[in-house]
Every structure is written in structure tokens, then in C-alpha cells.
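Coordinate analysis (summary)
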Amino acid sequence: MLLTNGRIHTLDAAGSVVDTLVVRDGRVAFAGRRADVNPAAREAVLDLAGRTVLPGLVDGHGHLMLLARARLELDLAAARSEDEIARAVGVAASRLRPGEWIAGRGWDQTRWPGQGFPTRASLDRAAPGHPVALVRVDGHATWASGAALERAGIGRHSADPAGGRIVKDERGEPTGILIDLAQDLIRALVPPPSEERFDAAVEAVIAECLAKGLTGAHEPGLDLGAVASYTRLIGRGRFPFRVFAALSGKKAWRQYRERGRPESIGDGHLTVGAIKLWLDGALGSRGAALHAPYCDDPANTGLVLVPPEEVLRLTREAAALGFHVWVHAIGDRANTLVLDVFERALADGGPRPRLRVEHAQILAPADIPRFARLGVVPSMQPTHCTSDMRWAEERLGPERLAGAYAWRSVLDSGAYVAGGSDFPVEDANPFHGIHAAVTRAPREGPDPGWQPAQRMSREEAVRAFTIWNARSIGREAELGSLEPGKRADLIALSEDVFACAPERIARIAPVLTLVGGAVAHADQEVGASLPTSWRSSGMSTSDTSA
Ligand SMILES: [Zn+2]
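Cut-off values and rules
Residues numbered from 1 in each chain as written. Predicted model: local features only at pLDDT ≥ 70, side-chain atom pairs only at ≥ 80, totals over all residues. Heavy atoms only, no water. Buried < 20%, exposed > 50% of the residue type's maximum accessible area, 1.4 Å probe, protein only. Helix = DSSP H or I, 4+ residues; strand = E, 2+ residues; numbered from the N terminus. Pairing = 2+ DSSP bridges. Right-handed = clockwise from strand over helix to strand, strands pointing away. Salt bridge = Lys/Arg side-chain N within 4 Å of Asp/Glu carboxyl O. Contact = heavy atoms within 4.5 Å. Axes fitted to C-alpha atoms, helices over the stretch in contact; angles between N-to-C directions. Parallel < 35°, antiparallel > 145°, perpendicular 65-115°, else oblique. Left-handed = near helix turned anticlockwise from the far one by under 90°. Nonpolar A, V, L, I, M, F, W, Y, C, P; charged D, E, K, R; others polar. Arc of directions from axis to C-beta.

Take the pairing of strand β16 (residues 242–247) next. With six of six residues buried, β16 is to be regarded as a mostly interior element. Burial along β16 is two-sided: the face carrying R242, F244 and A246 and the face carrying V243, A245 and L247 are both buried. Strand direction decides the pairing type here: strand β15 (residues 214–222) and β16, joined by six bridges, are parallel. In the sheet register, H218 faces β16, and the bridge partner there is F244. A crossover links β15 with its parallel partner β16, the connecting element being helix α7 (residues 224–235), and its sense is right-handed. Sheet analysis places β16 next to strand β18 (residues 270–278), joined by five bridges and oriented parallel. Directly across from F244, in β18, lies its bridge partner T271.

Bringing the pattern of salt bridges into the picture now. One side chain can pair with another of opposite charge once the charged atoms of both are near each other. Taken as a whole, this structure holds 37 salt bridges when the rule is applied. Of the charged contacts, one joins E263 and R259 as a salt bridge, the two residues approaching to 3.9 Å between their closest N and O atoms. Residue R259 is classed as partly exposed on the basis of its relative accessible area, which comes to 32%. The salt bridge involving R370 is made with D367; its shortest N-O contact spans 3.0 Å. When salt bridges that share partners are traced, they join D108, R111, R136 and D138 into one network.

Quick look at unusual backbone geometry now. With glycine set apart, most residues show a phi of negative sign, and most peptide bonds adopt trans. Following F423, the chain continues to P424 via a peptide bond in cis, the omega torsion being 10°. Along the chain, P424 turns up in the loop between β22 (418–419) and α15 (430–439). Residue D25 is not a glycine yet carries a positive backbone phi of 55°. Mapped onto the secondary structure, D25 falls in the loop between β4 (20–24) and β5 (27–32). Accessibility expressed as a relative area gives 79% for D25, which makes it exposed. Positive phi, normally seen in glycine, also occurs at Q115, with a value near 60°. Classification of Q115 by relative accessible area gives partly exposed; the value is 32%.

Here the focus is helix α13 (residues 392–400). Turning to α13, its buried residues are A392, R395, L396, G397 and R400. For α13, the secondary structure elements touched by its buried residues are α10 (332–347) and α12 (382–388).

Here the focus is the packing of helix α6 (residues 195–212) against α7. Each pair of packed helices can be summarised by the angle the axes make with each other and by the distance between the axes. Two elements in contact, α6 and α7, have axes whose closest approach is 10 Å; the angle formed by their N-to-C orientations is 70°. Judged by the inter-axis angle, α6 sits roughly perpendicular to α7. The hand of the α6/α7 crossing is right-handed. Of the residues in α7, those in contact with E195, F198, D199, V202 and E203 of α6 are A226, S229, Y230, R232 and L233. When its residues are assigned to classes, the contact of α6 with α7 shows five nonpolar, one polar and four charged.

Right, let's talk about helix α8 (residues 250–259) for a bit. Taken residue by residue, α8 has A252, W253 and Y256 as its buried positions. End-on, the buried residues of α8 take up no more than an arc of 95°, which puts them together on one face. Away from its buried face by more than 90 degrees, α8 exposes K250, K251 and E258. The inward-facing, buried residues of α8 contact α7, β16, β17 (263–265), β18 and α9 (308–320).

With that settled, the discussion passes to the sheet that holds β4. Ordered in space as β5-β4-β1-β6, the four strands form an open sheet in which the pairing is mixed. Edge positions in the sheet fall to β5 and β6 (45–47), since each has one partner strand and no second. Strand-to-strand twist across the sheet, computed as the mean angle between neighbouring axes with direction ignored, equals 20°. Inspection of the sheet shows strand β1 (residues 2–4) paired to β4 by two bridges, in the antiparallel sense. Among the inter-strand pairings, L2 is bridged to a residue of β4, identified as V22.

Taken together, six strands build an open sheet; the order of strands is β9-β10-β11-β12-β14-β13 and the sheet is mixed. Of all strands in the sheet, those bounded by a partner on one side alone are β9 (74–75) and β13 (164–168). Looking at chain direction, β13 and strand β14 (residues 174–180) are connected through four bridges and run antiparallel. Bridge pairing in β14 links G164 to D180. In the packing of helix α2 (residues 82–94) onto the sheet, the strands contacted are β9, β10 (102–107), β11 (132–136) and β12 (141–144), and the crossing angle to β10 comes to about 155°.

The next point concerns the environment of L396. Residue placement: L396 occurs in helix α13. By relative accessible area, which is 2% here, L396 ends up buried. Spatially, the C-alpha atoms of L396 and E460 are 28 Å apart, while their sequence positions differ by 64 residues.

Pasting the structure below:
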């Protein structure tokens, strides 16, 4: 297969731009000038019509499993009040038998009038007798109904579990809000979807990701059920995507620890090669662990979910077996703690897996240079900045903002950033992330941007979603750029991401997505022009002309 007449950004070390690629056996065989290549007799040729081509974008922190689950639950992301959600729960209840569970995800009280947490009372009125469990947009709080609390045995005498909080009212009654690890009391009771429904949802969300320009994701927290689902889909040839996954949960880790090494399934489609640990909560639910109290909650410095000694023990255990270690740290205290842990683990010597800090969202100034010094990768999500900028200062105050979402400072210290979205917390669209990284402004319209000195260049942002992501999982020899020998994962764009107006970046869509040299997605026009032999069984099409 020969692709020619494009502006093909290889993202090799020199930043070469070429006009022609030859793809054979799923890999790049040649990248250079059309004049220097003689196509084989029956080699198919695709004219890229001058379009910009990039290596396939990869989400460095995307929860495919949770996105698929969210498709099977109530989607509350668009709700703008507690009442609106209660009404949706009432409608769902009217379609169920008495006492059946109602699950949902995506609510965000910072988008509602008053910005206060909701309570069980509205759910109990809307769906009496139904256990209801609604997960906050960031996954760090669950809003439960009275029936759900009852089934979990949560009452006024229940104490907070380690690393969690059962929010209570002034009379000492649980309000229905469960923070961080207190959520496990209820979540374990929600019945999972059937294998068939879950597999179909995974296929559907992969198609959505491909249409947005993603050819893969690093999944921070996969359970054994999801590993089994992806493996079934790979076996059926229905998984045109690459997932590098970190295990979550004791049960999954126990199984892989016994196995003794990472696992690769399919032709580079799924690698189970890391463990995910959570050191603190999130800023929106005030569970992020801070050195000093929250400005808008002066008695609270957040939650440390796992003792740092335990994080160190697990880091050593996983690293010795060749697993990478990804630790969630949002607050400045959590970031100091995880860097301390990694520093001690690295001092052991021995195998050196990639160590990543997921989010690295609020950094004390003294911690910023430690990433480069230790070789620890900050895995950051630019759209968290543009979503949180509305209220981050209320939580943190002006001084701490200097180290908040501070990717420019991190890059200037010599580190590189793995770029992601944290979908389903944010939209999976990687062009939203590139836009946020280079503008720090909302997508809705012209805006000077928030803390504009922390912007990335477009080149850096594209690298964060490609070659730097590959490096952060130790796969830079195989993925992340379009150089001979690497996998032919690439996208041809509707518009040039390096030349368009900044506000256009978020609207870019791929007209063509290849994974391992096979067409995984095409828009209608390009799809119609493709030789039939290129269309893979799972290929989807979309209309990008709008
Ligand atoms: Zn996440």
C-alpha cells in the first residue's frame, strides 16, 4: 500500500515531513519522497490530496472500560441541576421492576446552581424503593439513594472507611454522598452488565475513538472482566485499537503476580503491562491531598487513600516482575508523596520500569524539577485544565495556581509529558486535548486563555499524544512516529493541525484512520474512494464534511 501526496509529519527526532509512505505487513516500510519509491506492480495507491497526516493519536489516560460501561448506564454529563437528574432517574425507574438497580455516571455539581452536593432525598422521591448509584464525573464520589445505602448497611452509625468519607448532615444522617473508597461499599453491589452487552459497548466506543483520531489508549485501571472482554473481541477480529493497560484491584494483581510477567494479546492490540494505584482523590470532590487546607473548606486537606509505604511495597513488587507503575496523584501533597516513593524505589537499583504520575495536577514548586531528575513521567490531561479553571482558584487560592496544570514548567524542567483526556471524565477527542494544551482556553469561543504562560507549542502537544506517550510505556521503538519498521497507525486530517487558526484545532477530525495498516475508519468521501481490499471488516464511516 502506497500513500502519497500528503504532508506526512513523521514525528521522527528531526521532525521530518515527507510526502509518501509505503505500508507493508502492517508496518511502515518507507517514509520519504515519492520520486524515491517504485511501487510494486499491484500495490494500491492512495492519493492523500495534500492532507496532513500524523501518527495515530493515543490517549495516555483513557478509561475504555468505564466509557463502555457509561454507555450502558444513565449519562448525566449534560445535566444542569439535581432536579433534572432526579427526573431522569424517575423515568428510568418507571421502566424497571420494583427494587431494581439504577446506575448512572457523569454528574458534576460545579455546573449546577449553588454548586452544593446533591442528596439522597431527591432520588428517594423520584424512585422510591430503587437502589440508585450515580457516579460523579471524575469517579471520586457516588450519589446514592436511601435504598442503596440500606442494602450496603450504611447508616448514621457507620464510620468512614480508610481512604473514604461517608458525608453526613448536621443530624448525623448519611446524605447519600460517598467519597473515594467509601464508594466501594455500594459499587460492589451494582450488578454488572452481561458479557454480550458489554462487548457490544466496547466495540461501539472503539468506533467512536477511531472516528475522533485515536488509534489507542493507555488504560489506567482495567479489571479482569474487561481483560476477558477485550480478549474475546481480539479473537473475533473486532478490536482495531491498541490498549496498554494498568491493572486495578487486588484480585487482578494477584492473578498477574502469579503469572509473573506482563501479557500481550493479539498483534499488539492489548498489553497488560502496568499497575495503577490511587494515592489521593480529586479536586472537584475535595479529596485531592493538599499540603495546606482547601481555601473553600478550611478544615479539609483531602484524603490519602493508601499509605505511602504500601505504594512503595507494590511499586517494588510490580517493578521486579517488569510491570510499569502508574500512581494517581492530584493534590500537591499526593505528588510530593509519590515522588518520594518513586525516588526510594529507584534507589534500589534493579529493573527500571517506567514510573508515571497520573494527573500531576497541582505541584509544589520544589517538586517540578524532580520529574526530569528521576525520569518519572507526568501523565497530564489538558482538558482537565479547561474544565476546572472555572473553580480551581476557589479550591486552591491564587498562590497554589502557579503549580496547577503546569505543563510548560514541567517541559521547561526537561521532562516530557504523556497527554491524555481521562475519558469518560472528559470527551475522548484528542483534538480537544491538543487545543487545550496550546490555548488553555475553552472551546466555545475566543478567550485569552487561563495562565497562558503555561501553554505548549502545537508540536509539543502533538508529541504528547504520540511519541511521548509511546515513550512513557517503553514502546517508542514500535509506536508513536511514522518511521520504517514501526506500526502503521496513522490518521489523515480534515484540516492542518499545525497551520489552522487555534480555535479550529478542536474541530479537526480524521478523514482516514489506519491501525496496523488496515483502514479502521474513513469519512464518507475518502471511504468511497478506497480500494475494497483496504476496508477492514470493522471499518466505520462518518460524515466530516460538516
Ligand atoms: Zn482516570
